[in-house]
Amino acid sequence: MQLKLPIAAFSTTFLLSLGWGLGCGASSELSFECKDSTQPDQGFASCESGLKHRPEIVACQLALPRPGIDCGGGFDPSGCNTDSDCTEAPNGYCVSGQVCYCTYACKTDADCADGQLCECRGSVSACVPAAGCKVDADCPGSICATHLTECGGTGYSCVTDADDCTTNADCKQGQQCLYNGSRRYCGVDTCVEGRPFYVDGHIRTAPLEAGASWSDRDVCRHLETLDLTPGVRQLAQDHYLEMAAMEHASVAAFARFTLQLMSLGAPANLVDESQKALADELRHARLAFGIAERLGVARQPAKLDVSHALDDQSPWNILHTTLMEGCIGETIAAARMLEASLLATDSRLSAALAQVAEDETRHATLAWRSVAWLLRRNPELAEPARQLLARTVAAQLAEPAESESMPREVQPHAEQLGVLSDARGRLVAHEALRHIVRPTANALFSRLSAAGPVQAATV
Ligand SMILES: [Fe+2]
Ligand SMILES: [Fe+2]
């Protein structure tokens, strides 16, 4: 006998109405409706909202090499103009854009690392992170759908009741639907403001709650009297709260970095500078929470999830974290903050942001010096480090431009408050990658090769 009662949905509604949450194991009762899904193409389909999901697992139908691909005009760090130039592994193809580089397609999930799935993309494909699911059947009552992570990354995870959104359309203007490693939420992809706190490849920040315990009470009091339109005020509030959450997480990043340096036997000057940087980040967080409060929204950080933050403390993992958080993350953050300070028309706000930019620059150089020290101690890690930097820089430069989330009419007013538009933030990041990260990396590796067994090669 088949009941007419939609028991799963009823059960969910019932438990939620009690306000007790779904409880242990009850998440399998989740009901998510993917309206008007398209027919699967190579295992992938899209809901009416545009959300891509995976109803079935089938092998990708690659069509390589593709005719008509010629990347002769772009910067070419790995020597590809056409798909046929990518021969280091099977199914190579040349990603063309501002930067051309080889990548290697997968046919099935077995071709990808643990925790990844093979996403078919027409005639090509790529391995992408899979957080807890690889197909819809892994998500009872729901779907295994794509998500956007900070800094433009993508991956797949179950849509759950804990999610605030599934696509950008669920968020208010200026925000995106982002995944933080456990749930989807509406936020501003600031990407790198201060040192990002990476755990398991995701940037972690604390959720915010009402309160002003972290606000610097003396900062920019005059901002309270600014005459702002509601749209500009909202954008500026969101921006400074995102900055505050990132700076707050940077305190944890430097607390961890101090421990990492000590675990490696680092000299006292590096440990001392890490501790001073932690104090800087605390000040930046209080500044940003303070500015947000002056702009009309008083928030403070709730609990920061630090679980697994110290799980892997091998020299390679510490090096990897320092390269991503410090050498790339803080270098771009410093450049963006400097741009923001120059855009801000209010002299006191501009001076406060300029001080942050100066601090972030010092933190970025600390990261590069720490990496140099670490590579002198572990020269066998130099080539993997060079490859990681080359790959990351190339990938970030090649990311397609997303649509501008900041409405054009508020853009000049928001930028006067130090809030960068998406296009400006991206441009600053690209400039920092091209003109700071890449030359610094090349100088580092040429110094290392002059001093020892490390091979000279460029990033
Ligand atoms: Fe900072
Ligand atoms: Fe920093």
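**Here we look at the overall build of the protein**
Argument step 1. Of regular secondary structure, the protein possesses 8 helices and 14 strands.
Argument step 2. Look at the contacts in the protein between residues 6 or more apart in sequence, and 63% of them connect residues 24 or more apart.

**What to know about the nonpolar core**
One broad trend across soluble globular proteins is that nonpolar side chains are buried collectively.
Argument step 1. Residues Tyr-240, Ala-244, Ala-288 and Val-371 are the most contacted members of the largest nonpolar core, which totals 75 residues.
Argument step 2. Broken down by element, the residue count for this core peaks at 16 residues, all from helix H2 (residues 230-263).
Argument step 3. When near neighbours in sequence (up to four residues on either side) are disregarded, Ala-244 contacts Ala-285, Ala-288, Phe-289 and Ala-292.
Argument step 4. Judged by nonpolar contacts, the second largest core, of 25 residues, contains Cys-47, Cys-118, Ala-130 and Cys-144.

**Side note on the packing of helix H4 (residues 315-343) against helix H5 (residues 347-377)**
Argument step 1. Contact geometry of H4 with H5 gives a least axis separation of 8 Å together with a crossing angle of 155°. Comparing the axis directions of H4 and H5 gives the class roughly antiparallel. Taken as a pair, H4 and H5 cross one another with a handedness that is left-handed.
Argument step 2. Here the residues of the contact of H4 with H5 are counted per class, giving 19 nonpolar, 8 polar and 2 charged.

**Brief notes about the pairing of strand E8 (residues 154-158)**
Argument step 1. Extensive coverage of E8 is indicated by the burial of 4 of its 5 residues.
Argument step 2. Here strand E6 (residues 124-131) runs beside E8; their pairing, made up of 2 bridges, is parallel. Its bridge partner lying in E8, Ala-131 is registered against Ser-157.
Argument step 3. As paired strands, strand E7 (residues 144-148) and E8 are joined by 5 bridges and run antiparallel to one another. Bridge pairing links Cys-144 to Cys-158 in E8.

**So, the environment of Leu-270**
Argument step 1. Of note, Leu-270 is situated in helix H3 (residues 268-294).
Argument step 2. Taking C-alpha positions, Leu-270 is 9.5 Å from Trp-373, a pair spaced 103 residues apart along the chain.
Argument step 3. Ignoring sequence-local partners within four residues, the contact set of Leu-270 consists of Leu-261, Ser-370 and Trp-373.

Conventions we followed
Residues numbered from 1 in each chain as written. Chains lettered and ligands numbered in written order. Predicted model: local features only at pLDDT ≥ 70, side-chain atom pairs only at ≥ 80, totals over all residues. Helix = DSSP H or I, 4+ residues; strand = E, 2+ residues; numbered from the N terminus. Contact = placed C-beta atoms within 7 Å. Core = buried A, V, L, I, M, F, W, Y, C linked by C-beta atoms within 7 Å. Buried ≥ 20, exposed ≤ 12 C-beta atoms within 10 Å, placed from the backbone. Axes fitted to C-alpha atoms, helices over the stretch in contact; angles between N-to-C directions. Parallel < 35°, antiparallel > 145°, perpendicular 65-115°, else oblique. Left-handed = near helix turned anticlockwise from the far one by under 90°. Nonpolar A, V, L, I, M, F, W, Y, C, P; charged D, E, K, R; others polar. Pairing = 2+ DSSP bridges.

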